[in-house]
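# Structural overview for review
So you can see what is in the structure, the chains are spelled out below.
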Amino acid sequence: MGRYWRIFREFFRACFVEELEYRSEFLSNLLSSFFGIGIAILTVKIFFYQTDQLGGWTYADVLVLLGVFNTLRGLIDFALRPNMPRLLEHIRKGTLDYILTKPVDSMFYVSFRHLMFWRLIDVLLGLGVIGYGLVQQHYMPSLLDVAMFVISIGSSFVLIYALWMMLMTTSFWVIRIDDLSFIFDSFFETARFPSGMYRGWLRIILTYVLPAAVITNMPALSLLGRWNVVTTAVSVGIAGFFLWLSHRFWRFALRSYTSASS
Amino acid sequence: MIAVKHLHKSFRVHVRQARWIDAVRHLWRRQYRTVEAVKDISFTIETGEIVGFLGPNGAGKTTTMKMLAGLLYPTSGEITVGGFVPFEQKPEFKKMMSLVMGQKSQLIWDIPPMETFLVNKAIYDIDDRTFRRTLEELVELLELQPLLTKPTRSLSLGQRMRCELAAALLHRPAILFLDEPTIGLDVHTQEKVRRFIAEYNREYQTTILLTSHYMGDVTALCDRVMIINHGMLIYDGELSVLTETLAPYKRLEIHFPIVPSVPWDDYGEVVAMEDGKVTLRVPRDKVAEVSAHVLQHFHVHDLTIQDPPMEEVITRAFQEGLHGS
C-alpha cells in the first residue's frame, strides 16, 4: 500500500511538472470553478424563493448536498476524468503495452497516471459550500458525523470509480472512436439534488438501480448528523464488491487485448 | 531463460468490405475471420544470448515477442520466461524484464526524460543509491547528459531512442525485448545503438531478443537467428550456418587497371562488369582456386572476398523455405 502511495505521489509530481510546462490556464480555471458553484447556489436559492422545503430538505441542507456534489465531482475530475477516456486511446493505439510491462497493477496505473491537480479547487470550493451550509443550519457536526461522512463519500467515490471502470473496460471488445464518459456524466448529474425530490419510478431507479442520488445524499446526511450505521455499512460493502468485480473484469478483459501491432 | 513450447496465437478480426453499403450492413451483422498469427512455435533461449528474430512484416515476430513479455494471452502452448508464466503478470516477472519498441514511446512527451526516469524509479521501487549509480552509468554509455533536461518532444528520434533505452534499463532487467529498436534512425545512430546493446549484453549478461528489419542489426549483434514467416518458425540456428547453407557463394570483387577481355563466365557468375572492376559470384569451395588463378594470370590492383549481403540470404530463405537447421 505504501508503495502505491509513493507511486501515486510520483504521478502527481510528474503531472504537476507537465502542467507547469504549459503554465495551464490556472486563473481561468479558478474563475470558471467559482462561477460554476456560484450559479449552482443561485439556482438553489431560486427554488427556495418558492418553497422552504425540497423533498424534505431545507435550504441549508441542500447547500450541504451541493457542497458534497461539488467535492465529489472535484475528486472525479481530479483523478478519474483525465484517465478513463484515455483507456480507449491506450487500447486503440496499443500504448497499453508499456503499462502492462510495469510491475504495478495495470488497473491502478491506467486509472491514476494522469491527474488534473487544479481540479482540486473544486474540492476546496465544495468543502467551503459544505461549511457555509452547516453555518446556515447552525449545526456543528460531531467527530462521528465527520467520520461517517468521510466513509460514505469514500465509498461513493469507489463505487463511481468501479462502475466507470467497468464501462470503459468494455472497450477491449468494442473499440469505439468516441468515449462513453457522457453516459456517466448524465447519470452523475442526477446526484445534484435530494433523492426525495424525484417521484415514482424515477425515484426507484435513482435509488436502487443507478444510485446516483444515494451517492451524494448519504454523505450529506451523515454530515448533518442523520447517518445510519446499517446503510453506511451496506454502501461500503457494495463499493468494495464493485471494486473487486471491476478488477476481476479488467483482468478478464486483458485476455482480449490485441495490442495494435507496430 | 526462455522456453516456448507449441505456441499458438489466433486473432478474430472482422471482415469489412470497402463499399459503403457493406459498411452499413456491417453495423448489425459482423463477419469474423480467424487469423492465425503464430502457429506452433517452439524454442529455448539461454541466459546471456542475443537472438535475432527475423521475418517480413506481419510474420508474427512482434506477436510472439508480446506473448513472451506477457502482453498478449496465448491461444495455446506454453511459455516460461525466467521461471515465470508471462501472462500471469507477476510483479517479480515484470521487474526482471523490459521492453523497448521502436514505434511506441514510454517517455512522457511534454516533459524532460528525467521525469520519466523518476516515475520509473518509483514504479520499480529502486532505492536512491542504486538509481543514481545506474543512471550515471547509462547517461555515460548513451551520452545522455545534455538531453536529460530537455522536453522529450524537442528531442530527435535518435536522441529519444537512447532515452527509451535508458528508461527501460534503469531497473537492470535480466531479459530485454527489443522490437525494432533502430527503426527510422540514421546509420550513425543505428551504429551507436548497436554498439551500446552489444556492450550492455557483454557487461551484464542480459538475455536479449531482438526483432529488426535491418540486417545490420542482426549481423552486428546476433550469433543466432530465428526466422519466422507466416507464423511459423522456419529457421533457428547460427547466422553463419544460415549464410553457408543458403548462400554457398562468395562475392569476388576484382579491380584492374584495364579489365582483361577473357570469358569471365568460366570463373563464376558475373554480377557486374564496370570500368576497371569485375564482380563475380563464386561457389565457396572454388573461391581459393579462382582468386589464386586471377592473381597469377592478370595484373590486379585489388581483390576482395565478401559474404553475400544478408538481405539476399534472407530473401532466399523465404522463397525456398527452410526446415530446421
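Residues numbered from 1 in each chain as written. Chains lettered and ligands numbered in written order. Predicted model: local features only at pLDDT ≥ 70, side-chain atom pairs only at ≥ 80, totals over all residues. Heavy atoms only, no water.

### What to know about the nonpolar core
The following threshold applies: Take the buried Ala, Val, Leu, Ile, Met, Phe, Trp, Tyr and Cys residues and link them wherever side-chain atoms come within 4.5 Å; each set so joined is a nonpolar core. The cut-offs for exposure are 20% and 50% of the maximum accessible area for each residue type, with area from a 1.4 Å probe on protein chains only; residues under the lower value are buried, those over the upper are exposed, and the others partly exposed. Helix and strand definitions here come from DSSP, where helices need a minimum of 4 consecutive H or I residues and strands a minimum of 2 consecutive E residues; each element is numbered from the N-terminal end.
Counting residues in each nonpolar core, the largest one holds 150 residues, and the members touching the most others are Phe117 and Phe177 of chain B. The dominant element in this core, judged by the number of residues it contributes, is helix α3 (residues 59–80) of chain A, at 13 residues.

### Let's talk about the interface of chain B and chain A
One frequent convention defines the size of an interface as the accessible area lost when the parts assemble. Which entries qualify depends on this criterion: Contacts: residue pairs with any heavy atoms within 4.5 Å of one another. Buried area, as used here, totals the accessible surface that two parts lose on assembly, with accessibility defined by a 1.4 Å probe and the loss added over both. Think of a salt bridge as a Lys or Arg side-chain nitrogen and an Asp or Glu carboxyl oxygen that are within 4 Å of each other. Under the rule applied, a polar contact is a pair of N or O atoms within 3.5 Å (in protein, one hydrogen donor and one hydrogen acceptor; residues adjacent in sequence only if both atoms are side-chain atoms).
Facing 35 residues of chain B, the contacting portion of chain A comprises 31 residues. When chain B packs against chain A, the two sides together hide about 3,100 Å² of surface, and 57% of this comes from carbon and sulfur. Contact with chain A buries surface across chain B, with Leu71, Lys104 and Ile123 of chain B losing the most and accounting together for 19% of the total. Inspection of the chain B/chain A interface yields five salt bridges. In this structure, Asp125 of chain B engages Arg6 of chain A in a salt bridge whose closest nitrogen and oxygen atoms are separated by 3.0 Å. Where chain B touches chain A, the interface holds 13 residue pairs in polar contact (both at pLDDT 80 or more).

### Thoughts on the sheet that holds strand β11 (residues 269–274) of chain B
Residue and element names in this part refer to chain B. Our working rule: Strands are labelled as partners when DSSP assigns at least two bridges between them. Here the axes come from fitting lines to C-alpha atoms, over the contacting stretch only for helices, and the angles between their N-to-C directions go from 0 to 180 degrees.
Pairing in this open sheet of four strands is antiparallel, and the strands run β11-β12-β10-β13 from one edge to the other. Across the chains shown, the open sheet's two edge strands, defined by having one partner strand only, are β11 and β13 (302–306). Between one strand axis and the next, the sheet turns through 15 degrees on average, direction left out of account. Bridging between β11 and strand β12 (residues 277–283) involves five bridges; their strand directions are antiparallel. Across the sheet, Met273 pairs through a bridge with Val278, a residue of β12. Here helix α10 (residues 287–297) sits on the sheet and contacts β10 (249–255), β12 and β13; the angle it forms with β13, its principal contact strand, is near 170 degrees.

### Re the packing of helix α8 (residues 143–169) of chain A against helix α9 (residues 181–189) of chain A
Residues and elements named next belong to chain A. Applied cut-off: Roughly parallel means an angle under 35 degrees; roughly antiparallel, over 145; roughly perpendicular, 65 to 115; everything else is oblique. Definitions for this section: a left-handed crossing has its near helix turned counterclockwise from the far helix by less than a right angle. A right-handed crossing has that turn clockwise. Under this grouping Gly is polar, as are all residues other than the nonpolar Ala, Val, Leu, Ile, Met, Phe, Trp, Tyr, Cys and Pro and the charged Asp, Glu, Lys and Arg.
Following both chains from N to C, one finds α8 and α9 inclined at 150 degrees, their axes separated by 10 Å at the closest point. Comparing their axes, α9 and α8 come out roughly antiparallel. Between α8 and α9 the crossing geometry is right-handed. Contact with α8, carried on its side by Ile160, Trp164 and Leu167, involves Ser181, Ile183, Phe184 and Phe188 of α9 and no other residues of that element. Partitioning the contact of α8 with α9 into residue classes produces six nonpolar, one polar and no charged.

### Points about the domain arrangement of chain B
For clarity, the cut-off: Bear in mind that the domain bounds are from an automatic or database domain assignment.
In terms of domain boundaries, chain B breaks down into domain 1 (45–243) and domain 2 (248–306). The C-alpha centroid of domain 2 of chain B is placed 42 Å from the C-alpha centroid of domain 1 of chain B.

### Some remarks on the UniProt feature "transmembrane region" (unreviewed entry) in chain A
In plain terms, the rule: UniProt positions are given in the numbering used here, feature names are shortened, and annotations may be inferred rather than shown by experiment.
With numbering matched to this structure, UniProt assigns "transmembrane region" (unreviewed entry) to residues 30–50, 56–76, 116–135, 147–167, 201–221 and 227–245 of chain A. Secondary structure over residues 116–135 of chain A splits into 80% helix and 0% strand, and the C-alpha atoms at its two ends are 30 Å apart.

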